[in-house]
Number of protein chains: 2
Amino acid sequence: MNDLLDFNKEEFVNALNNRDVNKIRDIVENYNLVDIAETLNELESITDYMFVFKYIPPEYTADVFAYLDQEKQESLIKLLTGTQLKDLIDNLYSDDLVDFMQEMPANLTTKILQATPKDRRAEINQLLSYEEDTAGSIMTTEFIMLKESMHMKEALAKIKSEAQDAETISYLYVVDNSRVLKGVLRLKDILFMEDNQTIEDIMDTDFTSVFATDDQESVANTFKKYDLNAIPVTTKDFRLVGIVTSDDIIDVIEQEATEDIHMMANINPLEDEYMKTNAFKLALKATPWIILLMLLATFTTLIMNQFEDAMLAVPCLSIFIPMLIGTAGNNGNQSSTLIVRALGLNEITKKDYIRVCLKELLTSLLVGVAVSIVNCLWIYFLGSTGIIDLSASPISPFKLGLVVGSAMLICIIVAKFIGSSIPLLCSALKIDPALLSGPMVTTLVDASSIIIYFVIATKLFGLI
Amino acid sequence: MNDLLDFNKEEFVNALNNRDVNKIRDIVENYNLVDIAETLNELESITDYMFVFKYIPPEYTADVFAYLDQEKQESLIKLLTGTQLKDLIDNLYSDDLVDFMQEMPANLTTKILQATPKDRRAEINQLLSYEEDTAGSIMTTEFIMLKESMHMKEALAKIKSEAQDAETISYLYVVDNSRVLKGVLRLKDILFMEDNQTIEDIMDTDFTSVFATDDQESVANTFKKYDLNAIPVTTKDFRLVGIVTSDDIIDVIEQEATEDIHMMANINPLEDEYMKTNAFKLALKATPWIILLMLLATFTTLIMNQFEDAMLAVPCLSIFIPMLIGTAGNNGNQSSTLIVRALGLNEITKKDYIRVCLKELLTSLLVGVAVSIVNCLWIYFLGSTGIIDLSASPISPFKLGLVVGSAMLICIIVAKFIGSSIPLLCSALKIDPALLSGPMVTTLVDASSIIIYFVIATKLFGLI
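A brief report on the enclosed structure follows. Here the residue numbering is sequential within each chain, running from 1 through the sequence in written order. Just so you know, chain letters begin at A and ligand numbers begin at 1, following the order they were written in. Reporting of local features is limited, given that this is a predicted model, to residues whose pLDDT is at least 70; pairs of side-chain atoms are given and counted only at 80 or more, and all residues count toward the totals for whole chains, interfaces and linings. With hydrogens and water excluded, all non-hydrogen atoms of the structure serve as input to the side-chain values.

Time to look at unusual backbone geometry. Residues and elements named next belong to chain B. A positive phi is found at Asp133, a non-glycine position, where the angle reads about 65 degrees. Exposure is judged per residue with a 1.4 Å probe applied to protein chains only, and the accessible area is read against the type maximum: over 50% gives exposed, under 20% gives buried, and values in between give partly exposed. Take Asp133: its relative accessible area is 24%, and that puts it in the partly exposed class. Although it is not a glycine, Asn266 adopts a positive phi angle of roughly 60 degrees. As for its placement among the helices and strands, Asn266 is situated in the loop between α16 (246-264) and α17 (279-296). The buried category is assigned to Asn266, whose relative accessible area is 6%. Think of it this way: any DSSP run of H or I at least four residues long counts as a helix, any run of E at least two long counts as a strand, and we number them from the N terminus.

All right, on to the packing of aromatic side chains then. For this analysis, a ring pair means two rings from Phe, Tyr or Trp (six-membered ring only for Trp) whose centres lie within 6.5 Å, classed as stacked if their planes differ by under 30 degrees, edge-to-face if by over 60, and tilted for the remaining angles. For the structure shown, the criterion picks out 14 aromatic pairs over all chains. Measuring from centroid to centroid gives 4.8 Å for A:Phe307 and A:Phe454, while their planes differ by 10 degrees, and the two rings are stacked. Within this pair, whereas A:Phe307 is found in the loop between α18 (298-306) and α19 (308-313), its partner A:Phe454 is found in helix α23 (residues 433-460), the two being separated by 147 residues in sequence. One exposure class covers both A:Phe307 and A:Phe454, and it is buried. Taking the centre distance of 5.4 Å and the plane angle of 55 degrees together, the rings of B:Tyr453 and B:Phe454 count as tilted. Accessibility classification places B:Tyr453 together with B:Phe454 in one group, the buried group. In textbook terms, an aromatic cluster arises when at least three aromatic residues are bridged by ring pairs, as seen for A:Phe307, A:Tyr453 and A:Phe454. Stacked on the ring of A:Tyr274, the Lys or Arg B:Lys359 has its end atom at 5.1 Å from the ring centre. Charge-over-ring contacts are defined here by two conditions on Lys NZ or Arg CZ: a distance within 6 Å of the ring centre and an angle within 35 degrees of the ring normal.

A few words on the layout of surface pockets. All names here are of chain A. The method works on a 1 Å grid over the protein atoms by themselves. A cavity is a set of points holding a 1.4 Å probe that cannot get out, a pocket is an open set with protein on both sides within 12 Å along at least five of seven lines, and residues with an atom within 4 Å of a point line them. Grid points are joined across faces, edges and corners, and a volume is the space filled by probe spheres set on the points. In this model, the second largest pocket occupies a volume close to 520 Å³. For the second largest pocket, the lining is made up of 20 residues, of which Leu343, Gly344, Asn346, Ser427 and Pro433 are closest to its centre. Taken together, the elements giving at least two residues each to the lining of the second largest pocket come down to α15 (216-225), α16 (246-264), α20 (321-344) and α23. For the lining of the second largest pocket, the element with the highest residue contribution is α16, accounting for 4 residues. Put simply, Ala, Val, Leu, Ile, Met, Phe, Trp, Tyr, Cys and Pro go in the nonpolar bin, Asp, Glu, Lys and Arg in the charged bin, and everything else, Gly too, in the polar bin. Per-class residue counts for the lining of the second largest pocket are 8 nonpolar, 5 polar and 7 charged.

Attention now goes to the state of the cysteines. Put plainly, a disulfide is one covalent bond tying together the sulfur atoms of two cysteines. The rule for a disulfide is simple: a pair of cysteine sulfur atoms within 2.5 Å. Tallied over the full model, the rule gives 0 disulfides over all chains. Between A:Cys376, a cysteine without a disulfide, and A:Cys316, which holds the nearest cysteine sulfur, the sulfur-to-sulfur distance is 14 Å.

Bringing the sheet that holds strand β3 (residues 181-186) of chain A into the picture now. All names here are of chain A. For two strands to be treated as a pair, DSSP must find no fewer than two bridges joining them. Overall, mixed pairing links the 3 strands, which are arranged β1-β2-β3 in an open sheet. Each having just a single partner strand, β1 (145-146) and β3 make up the two edges of the open sheet. With 2 bridges connecting them, β1 and strand β2 (residues 171-175) associate as parallel partners. Across the sheet, Met145 pairs through a bridge with Tyr173, a residue of β2.

Next up on the list: the interface of chain A and chain B. At the interface, 127 residues of chain A touch 127 residues of chain B. As used here, buried area is the combined drop in accessible area, with a 1.4 Å probe, of two parts when they are placed together. Between chain A and chain B lies a buried interface of about 11600 Å² when both sides are counted; carbon and sulfur atoms form 66% of it. The term salt bridge refers to a pairing of a side-chain nitrogen on Lys or Arg with a carboxyl oxygen on Asp or Glu at a separation within 4 Å. Counting every contact that joins chain A to chain B gives 6 salt bridges. Here A:Lys225 and B:Glu38 are joined by a salt bridge, their closest N and O atoms 3.3 Å apart. Any pair of N or O atoms that falls within 3.5 Å is considered a polar contact. Within protein, one atom must be able to donate a hydrogen and the other to accept it, and sequence-neighbouring residues count only if both atoms are side-chain atoms. Taken together, chain A and chain B are joined by 46 residue pairs in polar contact (both at pLDDT 80 or more). In terms of residue class, the side of chain A that touches chain B is made up of 74 nonpolar, 32 polar and 21 charged. Residue contacts are counted whenever heavy atoms from the two residues lie within 4.5 Å of one another.

Following the criterion strictly, the structure yields 7 cavities of 30 Å³ or more and no others. Along the wall of the largest cavity there are 42 residues; nearest its centre are A:Gly329, A:Asn330, A:Asn333, B:Asn330 and B:Asn333. Looking at the lining of the largest cavity, the element that brings in the most residues is α20(A), giving 10 residues. Residues belonging to the lining of the largest cavity are distributed by class as follows: 19 nonpolar, 21 polar and 2 charged.

This brings us to the side chain of B:Lys285. Residue and element names in this part refer to chain B. With respect to the secondary-structure elements, Lys285 resides in helix α17. Owing to a relative accessible area of 15%, Lys285 belongs among the buried residues under this scheme. Other than its neighbours up to four places away in sequence, Lys285 contacts Ile267, Asn268, Pro269, Leu270 and Glu271.

Glancing now at the pattern of salt bridges. A full pass over the atoms with the stated rule returns 24 salt bridges over all chains. Across the salt bridge formed by A:Lys285 and A:Glu271, the nearest N and O atoms sit 2.8 Å from each other. Here A:Lys285 is found in helix α17 (residues 279-296), whereas its partner A:Glu271 is found in the loop between α16 and α17, with 14 residues between them in sequence. In this structure A:Glu271 comes out as exposed when scored by relative accessible area, which is 66%. One connected set of salt bridges, linked through shared partners, spans A:Asp35, A:Glu38 and B:Lys225.

It is worth stressing that arrangement in space is one thing and function is another; only the former is reported here.
What follows is the structure, given as structure tokens:
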């Protein structure tokens, strides 16, 4: 990254400490507000950022405010006078306003609503009522609407008069008298209008829109599929209520990826950033799955309990169990991770299920053969050189290598089968594969590997 | 999603089968080209999509082409005549053109370059020379440049004359005679220009730009930090060479998340989508880590080998090993996943390392106490009810519960310590935490858990 003008944090903090109002104004006007907000977020003293807030030009306060941390926003709201708060709210986009109101204690929400003009209050309340993670909850309501009958001049005049408040003017939306969405057009289309043309003549009627109640993940998928820059959001009867822009979509994509990553590691998704989640919340998100998986591991314990005789007769059998179930688990996890992610990105659809299973079967054969040959030789090497002490066990290093290596082969094939079929099954049953695949694959792979190992050792190779 | 005009795939395929040119043209003109391309991707016969290609209006062919699968693109390029290919290339954005050229066999690349006008060939060759995953490799070169001295009329005239070719006209870039980037402005700024103002007066000089050689991940981070819609890309001497737009960034974010997810599951990132990667490639990406982890598991085997006496004296000890190392592994994996993802999103910086370790320590105590109490009671229950057969082992269910439960507590604390410190260490050493954390955490947690278990059983509780 190459800022031609590099933001100098120290200079800004110095100006602040010296209460140098002119310098502060100068910096705020010339540098990116995200950097200003980031510096304010690091300040400890409320009076410091209150000072900045008082003296920076009013047209910048809203933008800086939108980038502050939640706690800083709250303490500012508490300190602002009625007029200051009104000014701030006037300059904030409704989606930013609603974003932080959702996290705030009720008394501050009330303070904000009281400072909001009546007509906008209705809009804010409407936005607050959308469920989390819906299109309605992430959309912005500041966009420009045109009428089908408008000519170029009228349209440009409307755009000019509303451009300062709108979040984007690159896309313009055409509605009828009931606010039903009729068409979409781009600002550049208007520049090319002929004098005798109306908006109706040039608007695009083959647009894609979403409902306010749609899940944000499906909105993001539509957005990506059609490479959009903004997507209109409507009610069920197609009245336009907002637009979702690419910065909202970027947030959604990151958030959904983080959720999937957490779920794959058996953690209930955090509501907040990791650094803003305290140890108690973390423990609460992590413990249920840990306990469930621990209890499910009882199956493995019970199976091993049945084979205690074998372990007593050939004590060195047990020492390879972590290696065996570890390798099988890694294979199962690889398959389920690949498939869960591909399902999440819509790369796999129903008609691909059979192909996926065949692909994983072939992969498991290739990986299995390679890994078990290495394993067999390695164990033979460990045993014959005496690195592993086999004196207590009536078995040759060669035979031990064969037992563990052949068990490894079958375990890998079974593990990849389990790892690929569970996510597909979840998806077919409309259960989020990221949520359930981890625990189910782990439990099934562990238990099946132990059974395979001991059955091969006792039945196939006749140990004990 | 609510397309007002729902695309009817069947209708399209029927029109195609009947070779109904008018119907096909009608559909192509009225529906989204992404849907058209998606349908073509599903057709088996080359003559079918060649037919569509021949008869759809030329202004649409390039857009449809850009959304086709690689294999379809290749077979089309092979079949197109020189003139057809020239028309297609003329209408394609350079970044789309380069995108598929990078994947194509050399003879087709040559065919394309030969059909490209000389001046554009230089540009294409330049784009092809950027390393993969750099800003240069994802940027588009179709954007509009203005001069500082321009007045509103001149600027608008230039915008109008170039608007059809540019990927975006929402952002405009101001350069000097050496093409050095001087400022950025938005189309709406121009609409508000006064007659006596020049571009220099209204352009934003505090813009953020990136170098063509910058890594795409850092470009995406800058893009997100400043909530941009497009970011200019320059050479090291600040000459403007391209822009990166939000759709490119969305692709980068998804791709990087997928890479991280794969690496966390010990798979070398795939170059292509899962469905387009065959079993041999999958095995090649998966096997090295599986073999490495299998070999690393030898530590656990060697440690257990040392404790064979204990396992012979109290056979039921071994049957809890999968439960114990599984639980410890899950805890280590939870911590490392949370931290690797937070590092990837820049939520954790160097100064947070101590805080992260303390947070994880407290979390591990909370999780550890909860899980080991449940574990202790559960094992006592399994043993005292006879669900687990303890007849071969000289130990009471109560004592067994205490042994396993207390080992569990220490193992969880150690596992979370390992799981949190390894990613932080990788990050401090500038190694990608997503790459190495998985294998290292697994190996260390397994080995340490086995030691803890047997030391507690033999030394603390005096078994054997």
